[in-house]
Structure formats: structure tokens, C-alpha cells
Amino acid sequence: MQELQLLCWAVLLGLGQACPGPCDCGEKYGFQIIDCSYRDLEAVPPGFPANGTTLSLSANRLPHLPEGAFREVPQLQSLWLAHNEIRTVAAGALASLGRLKNLDLSHNLVSDFAWDDLRNLSALQLLKMDSNELTVIPRDAFRGLQALRSLQLNHNRLHTLAEGTFAPLTLLSHLQINDNPFDCTCGIMWFKTWALTTTTVSIPQQDKITCTSPHVLKGTPLTRLLPLPCSAPMVQLTYQPSQDGAELRPGFVLALHCDVEGQPAPQLHWHIQTPGGTAEIASPNVGADGRALPGSPAASSWPRFQAFANGSLLVPDFGKLQEGTYSCLATNELGSAESSVNVALATPGQGGEDALGRRFRGKAAEGTGCYTVDNEVQPLGPEDDVVIIYLSRTRGPEVAAVGHRASGQQPLCLLLLGQSILLLFLTSF
């Protein structure tokens, strides 16, 4: 029995020291080195020794790195993958390498990279990703790399950088980012300021960090770029169900207008949540005549929600099915801003609504709360966040009918609820 146990241990130890056929494995300067470079490999070979600390797969023909590619070598401290044909690094390919200090992926064709894997590489000190096909780096890509000291991103296809990209790299001392086709718009101005006046990081070859667009700035180094008039988006959402003093007929048109400011001009997007589901609308989706634009995903030539280029949104034949939250979102390179309004049809004459209406009509008469300007009611304080649209008549303010009126039924009125929920206010009366 003892001999059998010794044999099993010998087999296990042998497996632990295994080496893939195409590679050379051995110890040097206290490191367990696995050398698989210059072997014409087209895939990561299996069978790495579990105690390997340095792995070189450079100068092969690897096309991608699959999930779990290096699961057999969790003790790796250095991984060299330069001069391959790697296009894709799959999620989970690098996640198991929590002890890795050096990672070289330079001189490949990487365009699809598992950025989330970097969050597990908290010991990483050197990251070489130069000479690839990277077009974008997520804002939080380097969030877990507090130990990183050297980062090389030169000779890629980066057009812009999200503000704060390098903020987590508190120990960074060397950054190479030259020879990328940067768009010299507002989105890159933060990097110019950071590189020239804020950071102590060494950034060599700054004269080669240049603009590719716009055309008039092509070839201009970022260091010589003049200040641009840049501002983050601001939005103001207004609404108008009808003209003051007019009789609201069944199936009126609800009109919302999103007034947008910002430089560069923000892109406008509508998010609409109704009982029937959610609608996401990139503005505009219709032309000036209200017809769907060519290529628009609208189901018909007359979309249910009509978003115009001037920031207006029309909802023809507004009814119960169109109740919900209407939000406009403006986005440019510097950020985003959003404004929302809740729209609901409610039946007056049921105590809570009557009391609510009386309260706001009283405030309007006193001039201390809500008031009407072109039939638009505006809250003056947090307690006035419930807004009622109503019409003025000779016999006094009354709610306006906006739905079919049947015998014995109370008319419907339009409630525009600001930032609060109607029930919250009803319970306070």
C-alpha cells in the first residue's frame, strides 16, 4: 500500500512539472519559465506546469485568447504575447491571473478586449497594448489597476478618451499614447489639460499626440490646440396640451418640448414609459410633416410618438394608453442631462382630486403657488410638484374635458405630475 501511495505522489508531481510538447520549461533566477515563443503556434497549448511564473508565447500566430486560456498557471507573474495575430481577448481569458505583474499584448490586431478582466489584475505593474487596433477604452477600464506604473497605448486607433480614464492609476509614472487618430473636439480637451498642467506622469513624444479631425486641425499636436467653446448639455422640458381658453376635444394632441443647450450640439433621445411598455426614440424620427423618416424603425408612416428635429414631441390622440413618464435626454461628449414629466388622465369629483384642484386654484388666486401662462401651470416650490392643466372660463376655473363624456360621468382632466407621485400628495390632504 505504501508503495502505491508513493507511486501516486510521483505521478502527481510529474503532472505538476509537465511541459507542453512545443515549449521549453525550466528554472532560471528563481523563476519557473515556460518558453513557447517562435513556435508557429495557432492556439494556446494545454499542459502548462502549475508552478510557472513566466510564460512567453511571443512571435507565434495566435488568432485569439479564449476564456480560461491560462487557468493552468495561476501563479504567473509575467505573460508575453507580443507579435501574434490576436484579434480577440475573450472574457475570462486573463481573469485568473491575480498575481500577474507584467502583461505584453503589443504588436497584435486586438480590437475586442475583455476590459473587465483587468479588474482582477490588481498586482499588474506593466501593461503594453501598443500597436493594436483598439478604437475605444471604457471610462472604468483601469479601475482595478492601482499598482500599474507603465501603460503603453501608442499606435492604436483611439479617437477620444473618456474624462477620468487614468484617474484610478495612482502609481502611474509612464504613459505612451502617441500616434492615435484623435478627434480634436471638446471630448479630448480634458486630456490636454491633464497632460500639460495636472499630471506628473511622464508622457513622451507629445509632439506625436496629434489631431486627425477636424480636417483644419489635422496634424496639430494636442499641446498646441487652442481652447474650444465647450459646455455640457442642459435641458428644460415644457408642455402644452392646448391654447388657453379653448375647449379640449376628445383625443387632443399632447405637445412636449425639450429645450437643449450645449456645445457641441447634444444628441436628443426620448424615453417613454407607458402601461403598454417602454419606447426609446432617437430624435428626430419624423420630418417636418410628421411622417416617419426614411430608415426609421416606426411601424407606420405616422409614428405614435412624433419626435421632431427642433426638440418637440407630439402625441396625437392622447389617451389612457399614453399615460406615463416622458423623459428627454441630451448627450454630448462632455456628459448628459435629463428632464422628465409624468402625464396621467384622472377623473375629478372623487374627493382627493377635488381637494387637490381646490388647493391649487386657491394658490393661483393668491398668487403664491401655481399659475397659468398660456395654459401652462408651473410649480413654485417642492409642495407644488403636482401640476394640473386646466382652462379658465367665464364662470370660473374648471377642469377641461379631454375624453369621451358619457351620461352621468365626470369629465376627465389632464394631470402633469412633476418630480413627485400623485398618491404622495393625495395622502397629505
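Residues numbered from 1 in each chain as written. Predicted model: local features only at pLDDT ≥ 70, side-chain atom pairs only at ≥ 80, totals over all residues. Heavy atoms only, no water.

Attention now moves to the packing of aromatic side chains. In this structure the tally under the stated criterion is 10 aromatic pairs. Ring centres of Trp 115 and Phe 142 lie 6.0 Å apart, and the angle between their planes is 80°; this geometry places the pair in the edge-to-face category. Separated by 27 residues along the polypeptide, Trp 115 in the loop between β8 (112-113) and β9 (126-128) and Phe 142 in the loop between β9 and β10 (150-152) bring together distant segments of the chain. Across the pair, exposure class does not vary: Trp 115 and Phe 142 are buried alike. (Phe/Tyr/Trp six-rings, centres within 6.5 Å; stacked < 30°, edge-to-face > 60°. Helix = DSSP H or I, 4+ residues; strand = E, 2+ residues; numbered from the N terminus. Buried < 20%, exposed > 50% of the residue type's maximum accessible area, 1.4 Å probe, protein only.)

Another point: the sheet that holds strand β1 (residues 24-28). Spatially, β1-β2-β3-β5-β7-β9-β10-β11 is the arrangement adopted by the eight strands of the open sheet, whose pairing is mixed. Pairing within the sheet leaves two strands with one partner each, and these edge strands are β1 and β11 (174-176). Taken pair by pair, the neighbouring strands of this sheet meet at an average axis angle of 10°, ignoring direction. Where β1 meets strand β2 (residues 31-35), five bridges bridge the pair, whose relative direction is antiparallel. Each bridged residue has a counterpart across the sheet, and for Lys 28 the counterpart in β2 is Phe 31. (Pairing = 2+ DSSP bridges. Axes fitted to C-alpha atoms, helices over the stretch in contact; angles between N-to-C directions.)

Okay, the environment of Asn 285 next. As for its position among the elements, Asn 285 is in the loop between β17 (277-282) and β18 (306-307). Its relative accessible area of 10% is what places Asn 285 among the buried residues. The spatial distance from the C-alpha of Asn 285 to the C-alpha of Pro 303 is 8.1 Å, given a sequence separation of 18 residues. At 3.0 Å, the side chain of Asn 285 and the backbone oxygen of Phe 305 are in polar contact. (Polar contact = N/O pair within 3.5 Å; in protein donor to acceptor, adjacent residues only side chain to side chain.)

This paragraph deals with the state of the cysteines. Under the counting rule described, the total for this entry stands at five disulfides. The disulfide partner of Cys 19 is Cys 25, and the S-S distance across this bridge is 1.9 Å. Handedness of the Cys 19-Cys 25 disulfide follows from its S-S torsion of about 80°: it is right-handed. On the accessibility criterion, Cys 25 (34% relative accessible area) is partly exposed. At a sulfur-sulfur separation of 2.0 Å, the disulfide partner of Cys 23 is Cys 36. Here the disulfide of Cys 23 and Cys 36 is right-handed, its torsion about the S-S bond being about 110°. Of this pair, Cys 23 sits in the loop between α1 (2-16) and β1 while Cys 36 sits in the loop between β2 and β3 (54-56), and the two are 13 residues apart along the sequence. Cysteines bonded in the protein chain are numbered consecutively along the chain; their disulfide partners then correspond to 1-3, 2-4, 5-7, 6-8, 9-10. (Disulfide = S-S within 2.5 Å.)

So, on to the sheet that holds strand β4 (residues 64-65). The three strands are arranged β4-β6-β8 in an open sheet whose pairing can be described as parallel. The sheet terminates laterally at β4 and β8, the two strands that pair on one side only. Across two bridges, strand β6 (residues 88-89) lies against β8 in parallel orientation. Within the sheet, the bridge partner assigned to Val 89 lies in β8 and is Phe 113.

Turning our eyes to something else, we now look at the pattern of salt bridges. Under the criterion given, the structure shown has seven salt bridges. In this structure, Asp 104 and Lys 128 form a salt bridge, with 3.9 Å as the shortest nitrogen-oxygen distance. Linking Asp 104 in strand β7 (residues 102-104) with Lys 128 in strand β9, this pair joins segments that are 24 residues apart in sequence. Given a relative accessible area of 7%, Asp 104 falls into the buried group. For Lys 128, a relative accessible area of 22% translates into the label partly exposed. Linking Glu 133 and Arg 157 is a salt bridge whose minimum nitrogen-to-oxygen distance equals 2.4 Å. (Salt bridge = Lys/Arg side-chain N within 4 Å of Asp/Glu carboxyl O.)

Another aspect to go through is the nonpolar core. Judged by nonpolar contacts, the single largest core of 61 residues is most densely connected at Phe 70, Phe 142, Phe 166 and Phe 191. It is helix α2 (residues 189-198) that contributes the most residues to this core, five residues altogether. Among residues more than four places away in sequence, those in contact with Phe 70 are Val 44, Leu 55, Leu 57, Leu 65, Leu 79, Leu 81, Ala 93, Leu 94, Ser 96 and Leu 97. Core analysis: the second largest hydrophobic core is formed by 23 residues, Leu 237, Phe 252, Leu 254 and Phe 318 among them. (Core = buried A, V, L, I, M, F, W, Y, C linked by side-chain atoms within 4.5 Å. Contact = heavy atoms within 4.5 Å.)

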